[in-house]
Amino acid sequence: MVRLPAASTLAPSGLVGKEHGLELVHSGKVRELYADGDDLIMVASDRVSVYDVVLPTPIPGKGQVLTQLSLWWFGQLADVVPNHVISGTDVPAEWAGRAIRCRRLEMLPVECIARGYLAGLGLESYRETGAISGLSLPPGLEEGSRLPSPVFTPTTKAAAGHDEPMAFSEVAALVGEGVAASLERATLEVYRRGAALAASRGILIADTKLEFGLLPDGTLMLADEVLTPDSSRFWLASEWQPGRAQRSLDKQFVRDWSAGLDWDRRPPGPAIPDDVVAATQARYQELFARLTGGE
Ligand code: Q0Z
(Lines give C-alpha, C1' and ligand atoms only; values in the text may rest on other atoms or scores of the structure.)
Protein backbone atom coordinates (compact mmCIF):
# COMPACT_ATOMS: atom_id res chain seq x y z
CA MET A 1 0.00 0.00 0.00
CA VAL A 2 1.53 3.28 -1.11
CA ARG A 3 0.91 6.13 1.31
CA LEU A 4 0.69 9.69 0.10
CA PRO A 5 2.04 12.50 2.28
CA ALA A 6 -0.57 14.78 3.79
CA ALA A 7 -1.54 17.49 1.32
CA SER A 8 -0.13 20.19 3.60
CA THR A 9 3.41 18.82 3.14
CA LEU A 10 3.25 19.08 -0.67
CA ALA A 11 3.03 22.84 -0.94
CA PRO A 12 3.35 25.80 1.38
CA SER A 13 0.00 26.52 2.98
CA GLY A 14 -1.81 29.78 2.46
CA LEU A 15 -1.51 29.86 -1.33
CA VAL A 16 -4.92 30.96 -2.50
CA GLY A 17 -6.00 29.39 -5.78
CA LYS A 18 -2.75 27.43 -6.11
CA GLU A 19 -2.17 23.74 -5.54
CA HIS A 20 0.89 21.77 -6.51
CA GLY A 21 2.49 25.02 -7.62
CA LEU A 22 0.05 25.27 -10.51
CA GLU A 23 -2.29 28.14 -11.10
CA LEU A 24 -5.99 27.29 -10.91
CA VAL A 25 -7.48 28.94 -13.99
CA HIS A 26 -11.00 27.57 -13.82
CA SER A 27 -13.06 25.66 -11.30
CA GLY A 28 -16.16 23.98 -12.63
CA LYS A 29 -18.88 22.06 -10.81
CA VAL A 30 -17.03 18.76 -11.06
CA ARG A 31 -13.64 19.60 -12.66
CA GLU A 32 -10.71 21.97 -12.30
CA LEU A 33 -8.40 23.45 -14.90
CA TYR A 34 -4.78 24.39 -14.06
CA ALA A 35 -2.02 26.10 -16.05
CA ASP A 36 1.41 24.42 -16.22
CA GLY A 37 3.72 26.59 -18.30
CA ASP A 38 2.19 26.72 -21.78
CA ASP A 39 0.04 23.65 -21.08
CA LEU A 40 -3.24 23.17 -19.28
CA ILE A 41 -4.05 20.30 -16.93
CA MET A 42 -7.70 19.27 -16.68
CA VAL A 43 -8.51 17.45 -13.45
CA ALA A 44 -11.73 15.48 -13.02
CA SER A 45 -13.01 15.14 -9.46
CA ASP A 46 -15.29 12.47 -8.00
CA ARG A 47 -18.02 15.07 -7.48
CA VAL A 48 -21.42 14.36 -8.97
CA SER A 49 -24.26 16.76 -9.78
CA VAL A 50 -27.96 16.07 -10.14
CA TYR A 51 -30.42 18.71 -11.33
CA ASP A 52 -27.36 20.99 -11.65
CA VAL A 53 -26.58 20.74 -7.92
CA VAL A 54 -23.28 19.21 -6.76
CA LEU A 55 -23.94 16.75 -3.94
CA PRO A 56 -21.70 16.68 -0.84
CA THR A 57 -20.84 12.97 -1.28
CA PRO A 58 -18.29 11.97 -3.95
CA ILE A 59 -18.59 8.88 -6.16
CA PRO A 60 -15.17 7.23 -5.69
CA GLY A 61 -13.49 6.57 -9.03
CA LYS A 62 -15.85 8.74 -11.11
CA GLY A 63 -13.12 11.24 -12.06
CA GLN A 64 -10.82 8.45 -13.15
CA VAL A 65 -13.49 6.64 -15.19
CA LEU A 66 -14.53 9.82 -17.02
CA THR A 67 -10.91 10.81 -17.69
CA GLN A 68 -9.95 7.37 -19.01
CA LEU A 69 -13.11 7.21 -21.12
CA SER A 70 -12.40 10.63 -22.61
CA LEU A 71 -8.78 9.65 -23.39
CA TRP A 72 -10.01 6.45 -25.04
CA TRP A 73 -12.48 8.36 -27.22
CA PHE A 74 -9.86 10.95 -28.19
CA GLY A 75 -7.75 8.04 -29.45
CA GLN A 76 -10.67 6.43 -31.29
CA LEU A 77 -11.60 9.71 -32.97
CA ALA A 78 -8.15 11.10 -33.79
CA ASP A 79 -8.69 10.47 -37.51
CA VAL A 80 -11.92 12.50 -37.48
CA VAL A 81 -10.44 15.62 -35.89
CA PRO A 82 -7.17 16.32 -34.04
CA ASN A 83 -7.46 16.96 -30.30
CA HIS A 84 -5.84 18.89 -27.47
CA VAL A 85 -4.38 15.90 -25.58
CA ILE A 86 -0.66 15.99 -24.84
CA SER A 87 -0.55 13.22 -22.25
CA GLY A 88 -2.78 11.22 -19.92
CA THR A 89 0.20 10.22 -17.78
CA ASP A 90 2.52 13.25 -17.56
CA VAL A 91 0.50 14.87 -14.78
CA PRO A 92 1.16 15.52 -11.06
CA ALA A 93 1.20 12.20 -9.18
CA GLU A 94 -1.69 13.07 -6.88
CA TRP A 95 -3.97 13.42 -9.94
CA ALA A 96 -2.71 10.26 -11.65
CA GLY A 97 -5.47 8.64 -13.69
CA ARG A 98 -7.89 11.53 -13.50
CA ALA A 99 -5.99 14.36 -15.21
CA ILE A 100 -5.04 15.21 -18.79
CA ARG A 101 -2.21 17.47 -19.91
CA CYS A 102 -3.47 19.39 -22.93
CA ARG A 103 -2.54 22.17 -25.31
CA ARG A 104 -3.91 25.58 -24.53
CA LEU A 105 -6.17 26.60 -27.42
CA GLU A 106 -8.15 29.63 -28.40
CA MET A 107 -11.53 28.22 -27.48
CA LEU A 108 -14.48 28.86 -29.78
CA PRO A 109 -17.49 30.44 -28.03
CA VAL A 110 -19.96 27.76 -29.16
CA GLU A 111 -21.25 24.62 -27.43
CA CYS A 112 -21.35 22.11 -30.28
CA ILE A 113 -24.20 19.70 -29.65
CA ALA A 114 -25.18 16.73 -31.78
CA ARG A 115 -28.50 14.98 -31.18
CA GLY A 116 -29.53 11.57 -32.44
CA TYR A 117 -32.55 11.09 -30.16
CA LEU A 118 -35.20 13.41 -28.74
CA ALA A 119 -34.47 14.49 -25.17
CA GLY A 120 -33.80 17.58 -23.10
CA LEU A 121 -33.86 20.93 -24.90
CA GLY A 122 -34.21 19.24 -28.29
CA LEU A 123 -37.46 17.63 -27.12
CA GLU A 124 -38.72 20.97 -25.77
CA SER A 125 -37.96 22.70 -29.06
CA TYR A 126 -39.66 19.94 -31.10
CA ARG A 127 -42.79 20.07 -28.92
CA GLU A 128 -43.01 23.86 -29.31
CA THR A 129 -42.12 24.24 -33.00
CA GLY A 130 -41.77 20.83 -34.67
CA ALA A 131 -38.16 21.75 -35.39
CA ILE A 132 -34.73 21.81 -33.74
CA SER A 133 -32.25 24.56 -34.59
CA GLY A 134 -34.36 25.51 -37.58
CA LEU A 135 -34.41 21.95 -38.96
CA SER A 136 -37.94 20.63 -39.48
CA LEU A 137 -38.52 17.13 -38.14
CA PRO A 138 -41.26 14.67 -39.09
CA PRO A 139 -44.45 14.81 -37.00
CA GLY A 140 -45.27 12.12 -34.45
CA LEU A 141 -41.90 11.83 -32.74
CA GLU A 142 -42.02 11.11 -29.02
CA GLU A 143 -39.71 11.64 -26.07
CA GLY A 144 -36.71 9.38 -26.67
CA SER A 145 -37.46 8.80 -30.38
CA ARG A 146 -34.52 8.30 -32.69
CA LEU A 147 -34.17 11.17 -35.18
CA PRO A 148 -34.12 10.35 -38.91
CA SER A 149 -30.53 11.59 -38.91
CA PRO A 150 -28.39 13.33 -36.28
CA VAL A 151 -28.72 17.11 -36.05
CA PHE A 152 -26.22 19.83 -35.12
CA THR A 153 -27.82 22.08 -32.49
CA PRO A 154 -25.20 24.59 -31.31
CA THR A 155 -25.79 26.85 -28.32
CA THR A 156 -24.13 29.91 -26.86
CA LYS A 157 -21.63 29.44 -24.02
CA ALA A 158 -23.23 31.51 -21.32
CA ALA A 159 -20.89 32.29 -18.39
CA ALA A 160 -23.85 31.89 -16.06
CA GLY A 161 -27.45 30.88 -16.59
CA HIS A 162 -28.65 28.74 -19.44
CA ASP A 163 -27.24 28.40 -22.92
CA GLU A 164 -29.33 29.70 -25.83
CA PRO A 165 -29.82 27.89 -29.14
CA MET A 166 -27.92 29.39 -32.09
CA ALA A 167 -28.78 29.25 -35.76
CA PHE A 168 -25.97 28.13 -38.09
CA SER A 169 -25.82 31.72 -39.41
CA GLU A 170 -25.15 32.98 -35.87
CA VAL A 171 -22.30 30.50 -35.44
CA ALA A 172 -20.90 31.69 -38.77
CA ALA A 173 -21.17 35.33 -37.70
CA LEU A 174 -19.12 34.51 -34.56
CA VAL A 175 -16.39 32.24 -35.94
CA GLY A 176 -16.60 32.66 -39.72
CA GLU A 177 -18.37 30.59 -42.37
CA GLY A 178 -15.49 28.14 -42.90
CA VAL A 179 -14.92 27.36 -39.21
CA ALA A 180 -18.68 27.07 -38.64
CA ALA A 181 -18.95 24.50 -41.44
CA SER A 182 -15.97 22.59 -39.98
CA LEU A 183 -17.58 22.62 -36.52
CA GLU A 184 -20.79 21.13 -37.89
CA ARG A 185 -18.98 18.45 -39.87
CA ALA A 186 -16.66 17.47 -37.01
CA THR A 187 -19.46 17.47 -34.41
CA LEU A 188 -21.75 15.26 -36.49
CA GLU A 189 -18.93 12.91 -37.46
CA VAL A 190 -17.75 12.52 -33.84
CA TYR A 191 -21.36 11.81 -32.82
CA ARG A 192 -21.99 9.32 -35.65
CA ARG A 193 -18.78 7.42 -35.00
CA GLY A 194 -19.24 7.43 -31.24
CA ALA A 195 -22.92 6.48 -31.36
CA ALA A 196 -22.29 3.64 -33.82
CA LEU A 197 -19.51 2.19 -31.70
CA ALA A 198 -21.54 2.53 -28.49
CA ALA A 199 -24.63 0.99 -30.14
CA SER A 200 -22.58 -2.05 -31.12
CA ARG A 201 -21.96 -2.48 -27.37
CA GLY A 202 -25.56 -2.00 -26.24
CA ILE A 203 -25.36 1.68 -25.33
CA LEU A 204 -27.28 4.51 -26.98
CA ILE A 205 -25.76 8.00 -27.01
CA ALA A 206 -28.77 10.30 -27.25
CA ASP A 207 -26.80 13.51 -27.59
CA THR A 208 -23.42 15.00 -26.83
CA LYS A 209 -21.83 18.38 -26.24
CA LEU A 210 -18.39 19.08 -27.71
CA GLU A 211 -16.01 22.00 -27.41
CA PHE A 212 -13.45 23.02 -29.98
CA GLY A 213 -10.53 25.41 -30.13
CA LEU A 214 -7.94 26.67 -32.58
CA LEU A 215 -4.18 26.32 -32.67
CA PRO A 216 -2.29 29.55 -33.45
CA ASP A 217 -2.08 28.38 -37.11
CA GLY A 218 -5.87 28.04 -37.27
CA THR A 219 -6.07 24.23 -37.01
CA LEU A 220 -9.41 23.15 -35.54
CA MET A 221 -8.96 20.90 -32.49
CA LEU A 222 -11.39 18.89 -30.37
CA ALA A 223 -10.94 20.00 -26.74
CA ASP A 224 -12.39 19.53 -23.27
CA GLU A 225 -13.91 16.08 -22.63
CA VAL A 226 -15.48 13.83 -25.23
CA LEU A 227 -18.43 11.42 -25.06
CA THR A 228 -18.44 11.06 -21.29
CA PRO A 229 -21.67 10.67 -19.33
CA ASP A 230 -21.16 14.22 -17.99
CA SER A 231 -21.23 15.63 -21.53
CA SER A 232 -23.65 13.18 -23.14
CA ARG A 233 -26.84 11.24 -22.46
CA PHE A 234 -26.12 7.50 -22.28
CA TRP A 235 -29.01 5.03 -22.32
CA LEU A 236 -29.00 1.25 -22.16
CA ALA A 237 -30.26 0.02 -25.54
CA SER A 238 -32.09 -2.85 -23.79
CA GLU A 239 -34.10 -0.34 -21.70
CA TRP A 240 -34.80 2.15 -24.50
CA GLN A 241 -38.52 2.76 -24.97
CA PRO A 242 -39.63 5.89 -26.84
CA GLY A 243 -42.69 7.62 -25.39
CA ARG A 244 -41.34 8.07 -21.87
CA ALA A 245 -38.35 9.57 -20.11
CA GLN A 246 -35.32 7.31 -20.53
CA ARG A 247 -33.22 6.06 -17.63
CA SER A 248 -29.73 7.54 -17.61
CA LEU A 249 -27.04 4.88 -17.54
CA ASP A 250 -24.91 6.71 -14.98
CA LYS A 251 -26.89 8.78 -12.47
CA GLN A 252 -30.28 7.08 -12.41
CA PHE A 253 -29.80 5.61 -8.93
CA VAL A 254 -28.94 9.06 -7.55
CA ARG A 255 -31.95 10.59 -9.34
CA ASP A 256 -34.33 7.85 -8.16
CA TRP A 257 -33.12 8.11 -4.58
CA SER A 258 -33.23 11.92 -4.53
CA ALA A 259 -36.72 11.98 -6.09
CA GLY A 260 -38.02 10.27 -2.95
CA LEU A 261 -36.64 12.95 -0.63
CA ASP A 262 -38.17 16.14 0.62
CA TRP A 263 -35.57 18.22 -1.30
CA ASP A 264 -36.41 21.26 -3.43
CA ARG A 265 -33.47 20.60 -5.81
CA ARG A 266 -31.68 23.72 -4.61
CA PRO A 267 -28.26 23.76 -2.94
CA PRO A 268 -27.13 22.38 -0.61
CA GLY A 269 -27.88 18.91 -1.90
CA PRO A 270 -28.37 15.91 0.41
CA ALA A 271 -25.60 13.42 1.32
CA ILE A 272 -25.83 10.23 -0.75
CA PRO A 273 -26.31 6.97 1.20
CA ASP A 274 -23.62 4.27 0.90
CA ASP A 275 -25.73 1.83 -1.13
CA VAL A 276 -26.59 4.50 -3.73
CA VAL A 277 -22.91 5.51 -3.92
CA ALA A 278 -21.89 1.86 -4.46
CA ALA A 279 -24.55 1.26 -7.13
CA THR A 280 -23.58 4.45 -8.98
CA GLN A 281 -19.89 3.62 -8.77
CA ALA A 282 -20.65 0.21 -10.31
CA ARG A 283 -22.67 1.92 -13.08
CA TYR A 284 -19.70 4.10 -14.09
CA GLN A 285 -17.36 1.09 -14.07
CA GLU A 286 -19.82 -0.93 -16.15
CA LEU A 287 -20.25 1.88 -18.65
CA PHE A 288 -16.47 2.12 -19.09
CA ALA A 289 -15.96 -1.64 -19.41
CA ARG A 290 -18.82 -2.03 -21.91
CA LEU A 291 -17.70 0.82 -24.14
CA THR A 292 -13.98 0.17 -24.15
CA GLY A 293 -14.02 -3.62 -23.67
CA GLY A 294 -13.01 -5.87 -26.51
CA GLU A 295 -10.28 -3.57 -27.85
C1 Q0Z B 1 -11.71 24.21 -21.16
C2 Q0Z B 1 -13.21 23.37 -18.42
C3 Q0Z B 1 -12.97 23.25 -16.02
C4 Q0Z B 1 -12.04 21.58 -17.34
C5 Q0Z B 1 -11.29 26.32 -20.89
N6 Q0Z B 1 -7.39 23.00 -24.38
C7 Q0Z B 1 -7.97 24.10 -23.84
N8 Q0Z B 1 -7.50 25.31 -24.13
C9 Q0Z B 1 -8.07 26.41 -23.60
N10 Q0Z B 1 -9.11 26.36 -22.77
C11 Q0Z B 1 -9.66 25.17 -22.44
C12 Q0Z B 1 -9.10 23.99 -22.97
CL13 Q0Z B 1 -9.71 22.43 -22.62
C14 Q0Z B 1 -10.83 25.21 -21.54
N15 Q0Z B 1 -12.61 24.73 -20.33
C16 Q0Z B 1 -13.71 24.05 -19.66
C17 Q0Z B 1 -13.45 23.91 -17.16
C18 Q0Z B 1 -12.28 22.09 -16.11
C19 Q0Z B 1 -12.51 22.21 -18.49
F20 Q0Z B 1 -13.18 23.76 -14.82
N21 Q0Z B 1 -12.36 26.01 -20.14
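Now for a quick tour of the structure. A quick note: this is a predicted structure, and the numbers were derived from the prediction, not measured. (Residues numbered from 1 in each chain as written. Predicted model: local features only at pLDDT ≥ 70, side-chain atom pairs only at ≥ 80, totals over all residues. Heavy atoms only, no water.)

1. Description of empty space enclosed by the protein
Here the idea is plain: a probe the size of a water molecule rolls over the atoms and shows the empty space left. Going through the model one piece at a time under the given rule, you end up with two cavities of 30 Å³ or more. The computed volume of the largest cavity comes to approximately 100 Å³. In this structure, the largest cavity is lined by Arg31, Glu32, Met42, Val43, Ala44, Leu66, Thr67, Ser70, Arg98, Ile100 and Glu225. There is about 50 Å³ of room inside the second largest cavity. Lining the second largest cavity, in full, are Val30, Arg31, Ala44, Ser45, Lys62, Gly63, Leu66, Glu225 and Asp230. Tallying contributions element by element places helix α1 (residues 62-76) first for the lining of the second largest cavity, with three residues. When grouped by side-chain class, the residues that make up the lining of the second largest cavity number three nonpolar, two polar and four charged. (1 Å grid on protein atoms, 1.4 Å probe; cavity = no way out; pocket = protein on both sides within 12 Å on 5 of 7 lines; lining within 4 Å. Points joined across faces, edges and corners; volume = space filled by probe spheres on them. Helix = DSSP H or I, 4+ residues; strand = E, 2+ residues; numbered from the N terminus. Nonpolar A, V, L, I, M, F, W, Y, C, P; charged D, E, K, R; others polar.)

2. A word on the site of the ligand
Residues in close proximity to the ligand total 14 residues, the closest being His26, Gly28, His84, Arg103 and Leu105. One nitrogen or oxygen atom from the side chain of His84 is found 3.0 Å from a nitrogen atom belonging to the ligand. The contact in question runs from a nitrogen atom of the ligand to an N or O atom on the backbone of Leu105, over 2.9 Å. Considered on its own, the ligand offers 470 Å² of accessible surface; in the complex 87% of this is hidden by protein. Where the shell around the ligand is concerned, the elements lending two or more residues are β2 (22-27), β3 (31-36) and β4 (39-44). At three residues, β3 tops the list of elements feeding residues into the shell around the ligand. (Near = heavy atom within 4 Å. Polar contact = N/O pair within 3.5 Å; in protein donor to acceptor, adjacent residues only side chain to side chain. Areas by Shrake-Rupley, 256 points an atom, 1.4 Å probe, with all protein chains shown as cover.)

3. Considering the nonpolar core
Residues Trp73, Leu183, Val190, Phe212, Leu222, Val226 and Leu291 are the most contacted members of the largest nonpolar core, which totals 44 residues. Those elements that provide at least two residues to this core are α1, β10 (110-117), α3 (168-175), α4 (177-199), β15 (203-214), β16 (220-223), β17 (232-236) and α6 (274-292). The element contributing the most residues to this core is α4, with nine residues. Excluding residues within four positions of it along the chain, Leu222 makes contact with Phe74, Val81, Pro82, Asn83, His84, Val190, Leu210, Glu211 and Phe212. Val48, Val53, Val254 and Ile272 belong to the second largest nonpolar core, which has 14 residues in total. (Core = buried A, V, L, I, M, F, W, Y, C linked by side-chain atoms within 4.5 Å. Buried < 20%, exposed > 50% of the residue type's maximum accessible area, 1.4 Å probe, protein only. Contact = heavy atoms within 4.5 Å.)

4. Points about the pairing of β3
Both β2 and β3 contribute to a ladder of four bridges, which runs antiparallel. Following the sheet pairing, Glu23 is matched in β3 by Ala35. Between the end of β2 and the start of β3, which pair antiparallel, lie three residues. The pairing of β3 with β4 spans six bridges and is classified as antiparallel. Residue Asp36 lies in a different strand from β4, and its bridge partner there is Asp39. Between β3 and β4, which pair antiparallel one after the other, the connecting turn spans two residues, and Gly37 there sits at a positive phi close to 60 degrees. (Pairing = 2+ DSSP bridges.)

5. Regarding the packing of helix α5 (residues 252-259) against α6
Across the interface, α5 lies against α6 with an axial gap of 8 Å and an inter-helix angle of 155 degrees. Compared by their axis directions, α5 and α6 come out roughly antiparallel. On the side of α5, the interface is formed by Phe253, Val254 and Trp257, while α6 contributes Val276, Ala279, Thr280 and Arg283. Of the residues in the contact of α5 with α6, the class split is five nonpolar, one polar and one charged. (Axes fitted to C-alpha atoms, helices over the stretch in contact; angles between N-to-C directions. Parallel < 35°, antiparallel > 145°, perpendicular 65-115°, else oblique.)

6. Describing the side chain of Thr153
With respect to the helices and strands, Thr153 occurs in the loop between β13 (146-152) and β14 (155-156). Engagement of the side chain of Thr153 in a polar contact is seen with the side chain of Arg115, the distance being 3.1 Å.

7. Structural notes on the side chain of Arg283
Mapped onto the fold, Arg283 is located in helix α6. Assessed through its relative accessible area of 11%, Arg283 is described here as buried. For Arg283, the contacting residues outside a window of four places in its chain are Leu236, Glu239, Ser248, Leu249, Asp250 and Phe253.

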